[in-house]
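Below, each chain spelled out in residue letters.
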Amino acid sequence: MQTCATFMQTFQTLLAKKLSDALAKVGLPDAGEVTPATDPRFGDYQTNAALVLGKQRGENPRALAEKIVARLDVADLCEPPAVAGAGFINFTLRPDAIAKKTSEILRDKRLGVAEAELNQRIVVDFGSPNVAKPMHVGHIRSIVLGDALARIAQFLGHEVIRDNHIGDWGTQFGMVIYGWKNLLDRQSLRRDPLAEIVRIYKETNDRATRDPQVREACRQELVKLQAGDKENIDIWNECVAFSMQDFEQIYEGLDVRYDLQCGESFYNDRLAGVVERLLKSGVAEISEDAVVVFFRDNPELADKPCIIRKRDGGFNYATTDLATVDYRINDLKADAIWYVVGAPQTLHFKQIFEIARREGYRSDFRHITFGSILGEDRKLMKTRSGENVPLRDLLEEACKRARKIIDEKNPDLSEADKIDIAQKIGIGAIKYFDLSQYRMTDYIFSWERMLSLHGNTAPYLQNAYVRIRSIFRKAGESASKIDTLILSDFAEINLAKRLCQFAEIVPQVLNDFRPNILANYLFELANSFHTFYEACPVLKSEEPVRSSRLALCDLSGRVLQHGLDLLGIKVPEKM
RNA sequence: GCGCCCGUAGCUCAGCCGGAUAGAGCAACGGAUUUCUAAUCCGUCGGUCGGGUGUUCGAGUCACCCCGGGCGCGCCA
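Moving on to the layout of surface pockets. A volume near 940 Å³ is recorded for the second largest pocket. Forming the boundary of the second largest pocket are 30 residues, of which Ala-114, Glu-115, Ala-116, Glu-117 and Pro-507 lie nearest the centre. If you list the elements that add at least two residues to the lining of the second largest pocket, you get helix 1 (11–26), strand 11 (364–368) and helix 18 (490–509). Top element by residues in the lining of the second largest pocket is helix 18. It accounts for four residues. Residue composition of the lining of the second largest pocket, grouped by class: 14 nonpolar, eleven polar and five charged.

Right under this line is the structure:
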């Protein structure tokens, strides 16, 4: 724990405290909440406290509201609060309070964002590619969502361990090894290792579906591998290494990093122990020669048993995931484990979490699901030939398309700048398109939409930042040293209010794991900034307004930069 | 058959624990530029929130039923 203790309050928390004080004075319990106003006509914040209390106590909500307002001491923050509608209390912030708060945030490295009250150690499990298979478009959401959540949790003061649970031990290795021994072309392997591994895997798969003898041979290779056969282990090691190299390149392009990359094979020597322990404790039992966990007293899972050891003695992915839970809790001391894994595995994780609870684990398990990425035809996104779209190709195309726009809009930039900016815009566009939408909804992938300069897109937000940087380049100053902001124009007040909201928005994301809330906020911030930019000249205005506006620019730039960084998106200086 | 997720403007999507007259963007149309990057801004048009019943001061949001789409349901991961 750090020593610094007093975090900056937001308007929301300040008003909530004042409301609580007023309720106490009237002899009422805390109730309702202070929320941003649903409509600008109602001011900036509102509370439904009187409505909630009125219902609880069978009293007239408007009368209650009047009583509460009489005791509300908010003169330092807002205009006299008003009772409206069925009994809402509305708060309108005073410009001087906004100016004061904005100045405070201007001096704060955390931009006003408080750390979480309860700091946890959180393992975030995301990405999870399979060895011997190239990453494809289906991996985007897990990677981008998991990375953003990890960044946000970390910023809020949690200790985050990013773990890549690589699929490096599945049954596909029987086929890969068979292919390696029978079909491998060494030259192709040198040229493009992963492509060659994928080729032999696919080829073997084809043969195996046609020919039972090949199928049996693959099974034998797998048995040998799992028994520790030297030759097969060597082949396996080589395949894993080639795949990891490929993954690393993609992670570098995406600016994603891991603290741990414990693949399935990491847990091999723990599987037998897990099954033994579960049998011993009675959580699992033997059924039809397999080891199974039944959930007879759980209506949801009553008819959905979970096999943890197959009839043939082999372990499956449930076993591995249970061993993974053990490791994360006992060895890594995780308070929470977040699984950023697609929705089809919901049942599987329900079973795993339930088994973990039965074993006495009390950690906070979360399965963070997400929808699918669809093509223009509204079906799962595929290439024309029906294959998965390789992630590498997708990222390359994003940068290529971004580059084309840069060449059109800003041809005089240096080649080095263009490459750098195309990367930031292209990758940013893909990430933002994903994160700006509610994670559960399936979305239709569209280059045109995500790279558009208009609307809720990464380039639009990046452009707001670029405009700010441009002002500072022109001014020849890095930031202003001003203490007190002067807010008179509507656009200035509006922008300052937005800047104050950053601290209210960021913690909300983790409520239900919705980075789209932050994305949406940043879009509105960029919007407010652009409006301000149009309405309020900065460098041409007279002092002290000039310094004040420069300070607004500075803070806008910092919030945009930091907010996008929390989403894993970089900002260029020019574009 | 059972279970989970989704259904909001022509299109793509917001709308967390129920709050006031349901919001953006795109598209369409009309304006603004001797620019601090117009890669922008301002305005207009656009809705029986899939349908129904219920819960209550109040339902896009909660409950139940139906319709439509997706996914899952002992030895794949």
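That shown, we press on.
Below, the discussion takes up the domain arrangement of chain A. Here chain A is described as being made up of domain 1 (11–93), domain 2 (172–254), domain 3 (391–448) and domain 4 (458–566). Between the C-alpha centres of domain 1 and domain 4 the distance comes to 30 Å. Every contact between the two is made by five residues of domain 1 and, on the other side, four residues of domain 4. Broken down residue by residue, the surface that domain 1 buries against domain 4 is led by Phe-11, Gln-12 and Asp-44, which jointly contribute 67%. Where domain 1 meets domain 4, there are one salt bridge. For Lys-497, the salt bridge is made with Asp-44, and the minimal N-O distance between the two is 2.7 Å. Counting every contact that joins domain 1 to domain 4 gives three residue pairs in polar contact (both at pLDDT 80 or more). Class assignment of the residues belonging to the side of domain 1 that touches domain 4 gives a composition of three nonpolar, one polar and one charged.

So, about the sheet that holds strand 6 (residues 159–163). Paired through backbone hydrogen bonds, the strands of a sheet run either parallel or antiparallel to each other. Read across the open sheet, the four strands follow the order 6-5-10-11; overall the sheet is parallel. With one partner strand each, in any of the chains shown, strand 6 and strand 11 form the two edges of the open sheet. Neighbour to neighbour, the strand axes of the sheet diverge by 15 degrees on average, direction disregarded. Relative to strand 10 (residues 336–340), strand 5 (residues 121–126) runs parallel, the two sharing five bridges. Within strand 10, the residue paired with Val-123 across the bridge is Ile-337. Lying on the sheet, helix 12 (residues 317–331) is in contact with strand 5, strand 6, strand 10 and strand 11; it crosses strand 10 at an angle near 140 degrees. Contacting strand 10 and strand 11, helix 13 (residues 346–358) runs over the sheet at an angle of about 175 degrees to strand 11.

Let us now look at unusual backbone geometry. Glu-543 connects to Pro-544 through a cis peptide bond whose omega is 0 degrees. Within the secondary structure, Pro-544 is located in the loop between helix 19 (515–535) and helix 20 (545–566). In this structure, Leu-111 is a non-glycine residue whose phi angle is positive, near 55 degrees. Checked against the element boundaries, Leu-111 lands in the loop between helix 4 (95–106) and strand 5.

A separate point is the sheet that holds strand 1 (residues 34–36). Spatially, four strands are ordered 1-2-4-3 in an open sheet, and the strand pairing comes out antiparallel. Strands with a single pairing partner mark the edges of an open sheet, and in this sheet they are strand 1 and strand 3 (82–84). Between one strand axis and the next, the sheet turns through 35 degrees on average, direction left out of account. One ladder, built from three bridges, connects strand 1 with strand 2 (residues 45–47); its direction is antiparallel. Residue pairing for strand 2: Pro-36 is matched across the bridge by Tyr-45.

About the thresholds
- Residues numbered from 1 in each chain as written.
- Chains lettered and ligands numbered in written order.
- Predicted model: local features only at pLDDT ≥ 70, side-chain atom pairs only at ≥ 80, totals over all residues.
- Heavy atoms only, no water.
- 1 Å grid on protein atoms, 1.4 Å probe; cavity = no way out; pocket = protein on both sides within 12 Å on 5 of 7 lines; lining within 4 Å.
- Points joined across faces, edges and corners; volume = space filled by probe spheres on them.
- Helix = DSSP H or I, 4+ residues; strand = E, 2+ residues; numbered from the N terminus.
- Nonpolar A, V, L, I, M, F, W, Y, C, P; charged D, E, K, R; others polar.
- Domains from an automatic or database assignment.
- Contact = heavy atoms within 4.5 Å.
- Buried area = accessible area lost by both parts, 1.4 Å probe.
- Salt bridge = Lys/Arg side-chain N within 4 Å of Asp/Glu carboxyl O.
- Polar contact = N/O pair within 3.5 Å; in protein donor to acceptor, adjacent residues only side chain to side chain.
- Pairing = 2+ DSSP bridges.
- Axes fitted to C-alpha atoms, helices over the stretch in contact; angles between N-to-C directions.

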